[in-house]
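Fold and contact review
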Amino acid sequence: QVQLVESGGGLVQAGGSLRLSCAASGSIFSINTFYWYRQAPGKQRELVASSTSGGSTNYADSVKGRFTISRDNAKNTYLQMNSLKPEDTAVYYCAAVLQITTAQAYSRYWGQGTQVTVSS
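Below is a short write-up of the structure. What you see is a predicted model; the values in this text were computed from it and never measured. (Residues numbered from 1 in each chain as written. Predicted model: local features only at pLDDT ≥ 70, side-chain atom pairs only at ≥ 80, totals over all residues. Heavy atoms only, no water.)

1. What to know about the sheet that holds strand 1 (residues 3-7)
Across the sheet, four strands lie side by side as 1-3-8-7; this open sheet has antiparallel pairing. Strands with a single pairing partner mark the edges of an open sheet, and in this sheet they are strand 1 and strand 7 (67-71). On average, each strand axis in the sheet is tilted by 15° relative to the strand beside it, whichever way the strands run. With six bridges joining them, strand 3 (residues 18-25) and strand 8 (residues 76-81) adopt antiparallel strand pairing. (Pairing = 2+ DSSP bridges. Helix = DSSP H or I, 4+ residues; strand = E, 2+ residues; numbered from the N terminus. Axes fitted to C-alpha atoms, helices over the stretch in contact; angles between N-to-C directions.)

Below, the structure written as structure tokens:
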């Protein structure tokens with residue numbers, strides 16, 4: 001059974017930094033793309049950053065230059081968040097498009113989320 005587990009959230013002052021981690025576990029053949037999304041209270045979930053297995057990364061305009069997504073050769077992805085602003089406050093979710101076996105199509109899996117709160 002595939003699981004994605006986020007960690008690293010917390011409370012930080014504006015201008016501070018946090019590093020989120022996401023560990024994928026279970027029987028996974030390959031991970032194509034990792035995503036970080038966030039959802040603030042009363043708002044829709046939005047895509048923050050993505051990282052493909054080919055090395056491409058993309059960011060929402062609101063976080064460009066401040067956030068960095070990375071991944072390792074195992075099943076982990078990270079989101080380094082610098083110069084945090086109160087508007088970055090949200091629940092951050094990790095997602096991955098992955099393949100369990102070569103016989104199955106790629107599917108998207110989600111983590112449970114981790115709270116990030118930035119105080120002014």
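2. Here we look at the nonpolar core
Nonpolar side chains in soluble globular proteins generally cluster together in the buried interior. With 28 residues, the main nonpolar core has W36, V48, F67, L79, M81 and Y92 as its most contacted residues. Broken down by secondary-structure element, the contributors of at least two residues to this core are strand 3, strand 4 (30-39), strand 5 (46-52), strand 7, strand 8, strand 9 (90-99) and strand 11 (114-119). Top contributing element to this core by residue count: strand 9, with five residues. Discounting residues that sit within four places of it in the chain, Y92 has contacts with E6, L20, W36, Y37, R38, V48, F67, L79, M81, G113, T114 and V116. Y35, Y37, Y93 and V97 belong to the second-largest nonpolar core, a separate cluster that totals five residues. (Core = buried A, V, L, I, M, F, W, Y, C linked by side-chain atoms within 4.5 Å. Buried < 20%, exposed > 50% of the residue type's maximum accessible area, 1.4 Å probe, protein only. Contact = heavy atoms within 4.5 Å.)

3. Describing unusual backbone geometry
The backbone of S83 sits at a positive phi, close to 50°, despite the residue not being glycine. As for its placement among the helices and strands, S83 is situated in the loop between strand 8 and strand 9.

4. Details of the environment of N58
Structurally, N58 can be placed in strand 6 (residues 57-59). The class of N58 is partly exposed, set by a relative accessible area of 48%. C-alpha separation for the pair N58 and L47, spaced eleven residues apart in sequence, amounts to 9.6 Å. In this structure N58 touches V48, A49 and S50, once residues within four positions along its chain are discounted.

5. Examining the pattern of salt bridges
This model, assessed by the stated rule, comprises four salt bridges. Two residues, E46 and R38, come together in a salt bridge whose shortest N-O distance is 2.6 Å. Across the salt bridge formed by R66 and D88, the nearest N and O atoms sit 2.7 Å from each other. Here the residue R66 occupies a position in the loop between strand 6 and strand 7, and D88 occupies one in the loop between strand 8 and strand 9, the gap between them amounting to 22 residues. Shared partners join several salt bridges into a network, and the residues in it are R38, E46, R66 and D88. (Salt bridge = Lys/Arg side-chain N within 4 Å of Asp/Glu carboxyl O.)

6. A word on the side chain of S50
Mapped onto the elements, S50 comes out in strand 5. Those residues in contact with S50, other than ones at most four positions away along the chain, are T33, F34, Y35, S56, T57, N58 and I69.

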